[in-house]
Amino acid sequence: MSETRESLFRALTPTFLIVLIVIALFSLIVGMVTDDMSGSYNGVLEGWFLPFIYIVVLMEVLGRYSKRLRLNPAQYLLLMIPLWFAAGKAYITDGTLGWESPFDWMQASSFGAFSVGALAAPYSSSWIPVLEMLPSYVIPHSVAAASIEWNGLAAGQSIPWGAYLGPMAFWSLFLIAAAFINLSLSFTITGPEWTETERLVYPLMVPPIYLIQTATTRDEAGHSSILSFRTAKMKMFWIMALVGLLIGGVPVILSFIPAFSYLAAYEWGEIPLTWGSYIAGIMPGAYISPTFIILQAILMILLPYEVMVTSLVTWLLIPMFYDTLAVKMGWVTYVAGSENYGAWLYGEENPFPYQLWAAMGLTLGIGLYFAWRMRGRIKKVLGTIFGPTYYEGDFSVKTGSLMLLGSTILFYILVLAMGVNWLIGIIWLIFYFIWAIAETRMMAEVWWHPPIMMYTYWQLYWPIGAGLGIWSTAPAQNNASLMATNVLNVSMGDWWAARLNPLGPGYLMGLYKVGHDVKASIKDIFNWTTILTVITFPVTAVFMVWFFAHVGMVNTAISGAAVWRAGNAFTAGITSSTNSWYAGDSFTGIWGWTIGGIVLIFVLMWIRSIAPWFMFNPVAFVLTLWLPEYMWLASLFALVFKYIFSKTLGPRRTEEYIVPAATGFAVGYGLLYVVVGIYVWATYSWPLLMTSWHPRKYTCFFLGFPPSSNCHGHLFFDTIISPCAC
């Protein structure tokens, strides 16, 4: 890090820490309740819904009246972090939603999924004997207690705290240890390597970096640039904010129309385009239908040409040409409409399960290659455990390396306590570290589309365990060790877990990137994230048990997700091997694809090292095989506009204007998200909360009405306070 420790902006004073903790607790609770009670609007409204630009503008206005209220870059960043935790992955980029959040990790991917969803869902009773083979501090051995959480309290019942104390403590400690692994890995190895040595763009972090820099760059009068229209860059910023506002108004309008709420820009920015019918007669099976993210397309203009070229070539050759060839040659069975989802069908089947290949062999190849390339830094970081430290900015690497060692040991102990075989636990951890490096690289180099572990990595450890006699390759089997390993794999490898969670390795590396570029204290960022992590998971666990007991998980938006994740743990060799990613292949074939993928990545990287003209990017190759629908159209857009802008403005000026333009669009696109939040809460979430509350008499007491009172006669009361008349 080029800046001296003295030149970095500091933020973590005792007073500011208290303010941050209060904001963190408030936003976390609001975020959880909003997510849980979003119902049919889930995917439109999730978590914290006040975009950060409102806070920036408010602080700028207040700062013009009092210098004491002017925030420095470190203070802005530390203030953004808890709101990001409470909103999910997209908040730090454009101020909107993104399912993956720390409380999602707790509620739907680990504790909630296995302690409530798996035990109490009516159609999962066959799972209970296997679940109860696991320790009671992991999963409560009480279906009655789980049923209270699933259905909500009935008259005369009380919250079963006794059954949940052990699991609350276990899962809080488990997820804290996992987050600490990701945090220390990102702040000691991947963050410094790819921010300072390779200087990767990390497009997801361009908007928050520019927004914080703009909000803290002041003129002679002490005014920041954020409300200025004087410079060409700020004019570009606000023009694109207006464009983003107009485009972002579409999902807002659709959100107000219940019949079309599902079209209200799923994930707030993902635009699905079903073009399959236009090509089905010519190229049956060709996967042509994209999911377009406008902000991704704009920010990809900042990336090298090879990223876009690789994505387009890969898409044309495999999801388009191969899928059609496989259908016409009879290698796969054609399914009408598969032009809209081909990779999720043909990409999972022999003879070429390319989507599975991307998730396992190619991803592990990326992770292994970059681990090898960073071996000098890894050795240097680990050397500080028993040797002298060095600093990244004002952050002592010894602190991070000790956390990495300690959290890994703690995590492993908890894995063993869960019931995982000692050798399988080590093998799984090795897979995780390799995957984490790959995932971080993919996000820093391209976008948030890395593969997950849940569907695929069980196919790697299952034959190993069977070969060692730990379990059988022939389901059904009631095997506690296999079940514990599957629970571990799902809770860490799910979509909502480490992959795109703010506490996952990719986003924590991005947090390092933002701190570095805005010249904030890396030590303060590390310490606040550590404190926030320790707060987040226990608070989430306790609140979850209390809240579900009063509303019932079955009435929340995450009930189906929790049960579905638990189901994936069972279809990975316990009740069957019918997991959708099994691909019908033998384990020999699966390991063949895995080893072949690793070798291919190393070969491609070697070719790149000796042939600079070789415009093939292995990272973009993997991401396109995994999610072609998210990559090809954004790449085409970025390629065309990068070429036009580079020819007219030149490469340097293109970058200078794309950064404020993309940030402005991100700000404008998310500007009306708060309007949707207020509307959905007023018309849907609050009524749902009141009608779901158990026992009903508490609802009336909360509203100030006795249970027998007549609250009717007014539309608002009819809708919201109807439980009082029951």
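From a predicted model like this one, the values you see are computed outputs, not experimental measurements.

A.B. asks: I would appreciate a short explanation of the packing of aromatic side chains in the present structure.
C.D. replies: The description of an aromatic ring pair rests on the distance of the ring centres and on the angle between the ring planes. If you walk through the whole model with that rule in mind, you get 57 aromatic pairs. Between tryptophan 428 and tyrosine 432 the ring centres are 5.5 Å apart and the planes differ by 10°, which places this aromatic pair in the stacked class. Of the two residues, tryptophan 428 and tyrosine 432 both sit in helix α17 (residues 422-445), four residues apart, roughly one turn of that helix. The residues tryptophan 428 and tyrosine 432 share a single accessibility class, namely buried. Cluster of aromatic residues (ring-pair linked, three or more members): Tyr322, Trp331, Phe352, Tyr354, Trp357, Trp593, Trp613, Phe614, Phe616 and Phe621. Across from the ring centre of tryptophan 372, 3.8 Å away, lies the NZ or CZ of arginine 375, which sits over that ring.

A.B. asks: Would you explain the layout of surface pockets in this entry?
C.D. replies: Think of a ball as big as a water molecule: rolled over the atoms, this probe shows where empty space is left. Estimated volume of the largest pocket: approximately 740 Å³. If you go around the largest pocket, you meet 26 residues; those closest to its centre are Tyr210, Gln213, Lys233, Val659 and Pro660. Elements that contribute at least two residues to the lining of the largest pocket include exactly α10 (206-216), α11 (232-255), α21 (505-517) and α27 (651-669).

A.B. asks: Got a minute to help me understand the side chain of threonine 384 in this structure?
C.D. replies: If you trace the backbone, threonine 384 turns up in the loop between α15 (375-383) and β3 (391-392). Taking the relative accessible area as the measure of exposure, threonine 384 reaches 2% and is therefore buried.

A.B. asks: Looking at this structure, how should I read α21?
C.D. replies: At 3.6 residues per turn, the α-helix brings residues three or four places apart onto the same side. Taking 1.5 Å as the rise per residue, α21 with 13 residues should run 18 Å; its terminal C-alpha atoms sit 18 Å apart, in good agreement. Most of α21 sits inside the fold, with 12 of its 13 residues counted as buried. Residues of α21 that are buried: Pro505, Gly506, Tyr507, Leu508, Met509, Gly510, Leu511, Tyr512, Lys513, Val514, Gly515 and His516. Immediately downstream of α21, the backbone of lysine 519 shows phi near 60°, a positive value.

A.B. asks: Honestly, the pattern of salt bridges in this entry has me stumped. Any pointers?
C.D. replies: Oppositely charged side chains may form a pair once their charged atoms are brought near each other. Summed over all chains, the structure comprises 14 salt bridges. Among the charged side chains, a network of salt bridges with common partners joins Glu198, Arg373, Arg441 and Glu445.

A.B. asks: What is the right way to read unusual backbone geometry from this model?
C.D. replies: Leaving glycine out, the prevailing phi sign among residues is negative, and the prevailing peptide bond configuration is trans. Here the residue pair asparagine 350 and proline 351 is connected by a cis peptide bond, since its omega of 15° sits within 30 degrees of zero. Within the secondary structure, proline 351 sits in the loop between α13 (305-328) and α14 (354-373). Between proline 475 and the following residue, alanine 476, the backbone shows a cis peptide bond with an omega angle of 5°. By secondary structure assignment, the location of alanine 476 is in the loop between α18 (458-467) and α19 (480-493). A positive phi angle, near 55°, is found at arginine 199, a position not held by glycine. Residue placement: arginine 199 occurs in the loop between α9 (161-197) and α10. The exposure class assigned to arginine 199 is exposed, which follows from its relative accessible area of 63%. Even without glycine at this site, lysine 519 takes up a positive phi of about 60°. Residue placement: lysine 519 occurs in the loop between α21 and α22 (522-551).

A.B. asks: So what exactly am I meant to see when it comes to the packing of helix α1 (residues 14-36) against α22 here?
C.D. replies: The axes of two packed helices give the description: the angle between them and the distance between them. The contact between α1 and α22 brings their axes to 10 Å, and the two run at 40°. If you check the angle between α1 and α22, you find them oblique. As α1 runs across α22, the sense of the crossing is right-handed. In this structure, α1 contributes Leu17, Leu20, Ile21, Ala24, Leu25, Leu28, Ile29, Met32, Val33 and Asp36 to the contact, and α22 contributes Trp528, Ile531, Leu532, Ile535, Thr536, Val539, Thr540, Phe543, Phe547 and Phe548.

A.B. asks: Would you take a moment to explain the nonpolar core for this structure?
C.D. replies: Generally speaking, nonpolar side chains in soluble globular proteins are found buried as a group. Counting 257 residues, the largest nonpolar core has Phe52, Phe114, Phe174, Phe411, Met483 and Tyr507 as the members making the most contacts within it. When residues of this core are assigned to their parent elements, the largest contribution, 17 residues, is made by α9. Setting aside anything within four residues of it in sequence, one finds tyrosine 507 in contact with Trp84, Lys89, Ile92, Tyr202, Leu204, Met205, Met443, Trp448, Leu500, Asn501 and Pro502.

A.B. asks: Please clarify how the side chain of threonine 654 should be interpreted in this entry.
C.D. replies: Inspection of the secondary structure assignment puts threonine 654 in helix α27. Take threonine 654: its relative accessible area is 5%, and that puts it in the buried class. Of note is the side chain of threonine 654, whose polar atom sits 3.1 Å from the backbone oxygen of phenylalanine 645. Once you skip the residues sitting within four places of it in the chain, threonine 654 turns out to touch Ile301, Phe645, Ser646 and Leu649.

What counts, and at which threshold
- Residues numbered from 1 in each chain as written.
- Predicted model: local features only at pLDDT ≥ 70, side-chain atom pairs only at ≥ 80, totals over all residues.
- Heavy atoms only, no water.
- Phe/Tyr/Trp six-rings, centres within 6.5 Å; stacked < 30°, edge-to-face > 60°.
- Helix = DSSP H or I, 4+ residues; strand = E, 2+ residues; numbered from the N terminus.
- Buried < 20%, exposed > 50% of the residue type's maximum accessible area, 1.4 Å probe, protein only.
- Lys NZ or Arg CZ within 6 Å of the ring centre and 35° of its normal.
- 1 Å grid on protein atoms, 1.4 Å probe; cavity = no way out; pocket = protein on both sides within 12 Å on 5 of 7 lines; lining within 4 Å.
- Points joined across faces, edges and corners; volume = space filled by probe spheres on them.
- Expected span 1.5 Å × (residues − 1).
- Salt bridge = Lys/Arg side-chain N within 4 Å of Asp/Glu carboxyl O.
- Axes fitted to C-alpha atoms, helices over the stretch in contact; angles between N-to-C directions.
- Parallel < 35°, antiparallel > 145°, perpendicular 65-115°, else oblique.
- Left-handed = near helix turned anticlockwise from the far one by under 90°.
- Contact = heavy atoms within 4.5 Å.
- Core = buried A, V, L, I, M, F, W, Y, C linked by side-chain atoms within 4.5 Å.
- Polar contact = N/O pair within 3.5 Å; in protein donor to acceptor, adjacent residues only side chain to side chain.

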